[in-house]
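If you want the building blocks of each chain, they are given just below.
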There are 2 protein chains.
Amino acid sequence: MKLFDEYRQMTEQALIPMLSSLGDIPSPLWEAMSYSLQGGGKRIRPVLLLASCDMAGGNLSAALPFACALEMIHTYSLIHDDLPAMDNDDLRRGQPTNHKVFGENIAILAGDGLLNAAAELMAGSAVKMGDLRGCRAMEIIMRHAGVTGMIAGQTEDVTSEGQPPYEDTVRYIHERKTADLLEAAVEAGLALAGAQEKEMAAGREYALHLGMAFQMTDDLLDVTGNEDKLGKSVGKDQEQNKMTWVALRGIDGTREDAHREILMAKEALASLSWDTGFFADFAESLQERKQ
Amino acid sequence: MKLFDEYRQMTEQALIPMLSSLGDIPSPLWEAMSYSLQGGGKRIRPVLLLASCDMAGGNLSAALPFACALEMIHTYSLIHDDLPAMDNDDLRRGQPTNHKVFGENIAILAGDGLLNAAAELMAGSAVKMGDLRGCRAMEIIMRHAGVTGMIAGQTEDVTSEGQPPYEDTVRYIHERKTADLLEAAVEAGLALAGAQEKEMAAGREYALHLGMAFQMTDDLLDVTGNEDKLGKSVGKDQEQNKMTWVALRGIDGTREDAHREILMAKEALASLSWDTGFFADFAESLQERKQ
């Protein structure tokens, strides 16, 4: 097992070469896609995919295209979420959002392009792997990212704005918008290593609670965070009447719930026979999250 | 081999069940996706995929999810092309466009959802097939639909509006926006049947010329067509200063070029040992195209 920053470094170095390996992408599509792909971010999803594959004894270089594909999916979702017709955000990680730089039409196409590129990259890698593990990982990732997963969460998010927060709805949104791609990361990483179904189920359970804790701390940071560190405006959720965990439970209640989710994430690791220290530490680190 | 309408019927009957097989899709995402998926259309791409697979002795029911996925990709591209930030169209096939009915935010998500659903459906089917043919077909389809294919064509289309028509640019746009998904149909259909590379190359060549002829006759219909039959306004290309073949060559020149592309499409079939009558007839039928 490597450190978080080592998996992150692997991803950072591979993202642009993987995109350009697809062939001759016309300008300004290339510029718009690479702008957002290089826009920083914690790279949590690809790191979790690589670490899961590594923990289960899989091949890291075979997993790298899937890790990059997952980050491309996350990036496309941010570009489309920021559009004027959606959250209408001007800043993302301290930089102008994609449509502010390239215009709405190119931003829509750059989002479509990154989603398509993710699937193309995974399908090509799956063919090269020569067995069905790549295909399985791709199915897992597309399912969690799709119309019963992340896109379902985003739909519920935009349609429930301005309504009073109900726990069922907030949970539905957070599980799908946030936890689903983390589940995809862990489950696909394990699938690529040829793990068994019960191991993948434990990984999914871990990632679900990790995702809930992550989103709860995200909601907290929107209220209590430091704009400079976050690279985005705070107070935006409240301004847009978003359904957040803080709106539901308040600051102290959200802190307690996040703590409980972190404990549950760590408990889910117990049934796994590998060294799960990396994953326990990562869950623990959310307690101290500043950005 | 079946008739065009029989392959079309197979597709029509499968589209909605395939979408709902993905699980519990929240309203209004489900309504928006199924609205556009059921919006009619000629279903040329899935028909070509099924017919190619059938011609080469493949299994039609295994090919059906890939045919539906291809139609989902075509449908998502229409939803996003019609958006206010793109072509800003109010009508599509005589019906209000997706964003006119469901709003821009849901239309963006419905497009994303259909593209994701296509990849999810194919990946799931590829796993079930148990060998790499499904994986290969998926790679072919995502590549032609992607950032070096259809999305590249759309990018060039939106960025070249208002410029004088150059043959290289018009050809680039038509080959990618239109021919690429037809190539995907034929090539993926043959791949699913386990055809050889040189057979797939001949199929691609056929579909390239078919696609060019199809787009040329489309450009002609925008000038000479009947609004009622087409279900859309005519003269729109000229109004938007689109790069069309008619703008480049005039009406008579475009008729001649379309005729030549149809001949080249039929010639490409010569090297194939199967009964290619279906494909020759389809190319021929573009000569008489009214909608």
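Quick caveat, the model's predicted, so the values are computed rather than measured.

Cut-offs applied
- Residues numbered from 1 in each chain as written.
- Chains lettered and ligands numbered in written order.
- Predicted model: local features only at pLDDT ≥ 70, side-chain atom pairs only at ≥ 80, totals over all residues.
- Helix = DSSP H or I, 4+ residues; strand = E, 2+ residues; numbered from the N terminus.
- Rg over C-alpha atoms; globule rule 2.2 N^0.38 Å.
- Buried ≥ 20, exposed ≤ 12 C-beta atoms within 10 Å, placed from the backbone.
- Contact = placed C-beta atoms within 7 Å.
- Least-squares fit on C-alpha atoms with pLDDT ≥ 70 in both.
- Nonpolar A, V, L, I, M, F, W, Y, C, P; charged D, E, K, R; others polar.
- pLDDT = per-residue confidence, 0-100.
- Axes fitted to C-alpha atoms, helices over the stretch in contact; angles between N-to-C directions.
- Parallel < 35°, antiparallel > 145°, perpendicular 65-115°, else oblique.
- Core = buried A, V, L, I, M, F, W, Y, C linked by C-beta atoms within 7 Å.
- Left-handed = near helix turned anticlockwise from the far one by under 90°.

Novice: Give a detailed account of the overall build of chain A, specifying residues and quantitative values.
Specialist: Regarding its fold elements, chain A presents 14 helices and two strands. On C-alpha atoms alone, chain A measures out to a radius of gyration of 18 Å, which is about the 19 Å that the 2.2 N^0.38 rule sets for 291 residues. The principal-axis extent of the C-alpha atoms belonging to chain A is close to 50 × 50 × 30 Å. Within chain A, buried positions represent 54% of all 291 residues. By sequence separation, contacts in chain A at least 24 residues apart represent 72% of the contacts at least 6 residues apart.

Novice: Could you give an account of the relation of the copies chain B and chain A, naming the residues involved and the relevant values?
Specialist: Copy one and copy two of the chain differ by a rotation about a common axis and a shift along it. Aligned on chain A, chain B shows an RMSD of 0.0 Å; the corresponding rotation is 180° and the shift along the axis is 0.0 Å. In the structure described here, the two chain copies are related by an operation that fits a two-fold rotation axis. Comparing contact sets, 100% of the residues at the interface of chain B also lie at the interface in chain A, consistent with an isologous, same-surface contact.

Novice: How would you sum up the interface of chain B and chain A? Please name residues and give values.
Specialist: Chain B puts 44 residues into the contact, and the matching count from chain A is 44 residues. Elements represented by at least two residues in the side of chain B that touches chain A include exactly α6 (104–129), α7 (133–145) and α8 (150–160) of chain B. In terms of residue count, the dominant contributor to the side of chain B that touches chain A is α6 of chain B (15 residues). Counted by class, the side of chain B that touches chain A contains 25 nonpolar, eleven polar and eight charged residues.

Novice: I'd love a proper account of the confidence of the model for chain A, names of residues and values included.
Specialist: Mean pLDDT over chain A stands at 94; residues scoring 70 or higher make up 97%. Model confidence for the complex: the whole-complex pTM is 0.96, and ipTM, which rates the interface, is 0.96.

Novice: So, the environment of L48 of chain A: which residues are in play, and what are the values?
Specialist: Residue and element names in this part refer to chain A. Considering the arrangement of structural elements, one finds L48 in helix α3 (residues 44–55). For L48, a count of 30 C-beta atoms within 10 Å puts it in the buried group. Expressed as a C-alpha distance, the spacing of L48 and F4, which sit 44 residues apart in the sequence, is 8.7 Å. Apart from the residues within four sequence positions on either side, L48 is in contact with L182, A185, V186 and G189.

Novice: I'd like to hear about the packing of α7 of chain B against helix α9 (residues 167–192) of chain B, residue by residue, with values.
Specialist: Residue and element names in this part refer to chain B. Look at α7 against α9: their axes get within 9 Å of each other, and the N-to-C directions meet at 175°. One finds that α7 runs roughly antiparallel with respect to α9. Side by side, α7 and α9 meet where R133, R136, A137, I140, I141, H144 and A145 of the first sit next to D180, L181, E183, A184, E187, A188, A191 and L192 of the second. Here the residues of the contact of α7 with α9 sort into nine nonpolar, one polar and five charged.

Novice: Break down the nonpolar core for me, citing the residues and quoting the values.
Specialist: Ranked by internal contacts, the top residues of the largest apolar core, which has 187 residues, are F66 and I141 of chain A together with F66 and I141 of chain B. Among residues more than four places away in sequence, those in contact with F66 of chain A are L49, M122, S125, A137, I141, A188 and L192 of chain A.

Novice: Lay out the environment of I25 of chain B with the relevant residues and their values.
Specialist: Here I25 of chain B shows up in the loop between α1 (4–20) and α2 (29–37). The sequence separation of I25 of chain B and G113 of chain B amounts to 88 residues, and the corresponding C-alpha distance is 9.8 Å. Beyond its immediate chain neighbours, meaning those up to four positions away, I25 of chain B contacts V147, T148 and A152 of chain A together with W30 of chain B.

Novice: Got a sec to walk through the packing of helix α1 (residues 4–20) of chain A against helix α2 (residues 29–37) of chain A? Specific residues and values, please.
Specialist: All names here are of chain A. Here α1 crosses α2 at 160°, and the two axes come no closer than 11 Å. Comparing the axis directions of α1 and α2 gives the class roughly antiparallel. The element α1 and its partner α2 pack so that their crossing is right-handed. Facing L15, I16 and L19 of α1, the residues of α2 in contact are M33, S34 and L37. In terms of residue class, the contact of α1 with α2 is made up of five nonpolar, one polar and no charged.

Novice: A description of unusual backbone geometry should follow, citing residues and the corresponding values.
Specialist: All names here are of chain A. Each neighbour pair has its own omega, and for S27 with P28 the value is 0°, a cis peptide bond. Unlike most non-glycine residues, R93 shows phi in positive territory, near 50°. Take R93: it is sitting in the loop between β1 (91–92) and β2 (95–96).

Novice: Could you give an account of the environment of M142 of chain A, naming the residues involved and the relevant values?
Specialist: You can see M142 of chain A is positioned in helix α7 (residues 133–145). Separated by 137 residues in sequence, M142 of chain A and F279 of chain A have C-alpha atoms that sit 23 Å apart. For M142 of chain A, the residues in contact, after removing those within four places along its chain, are A119 of chain A together with N116, A119, E120 and A123 of chain B.

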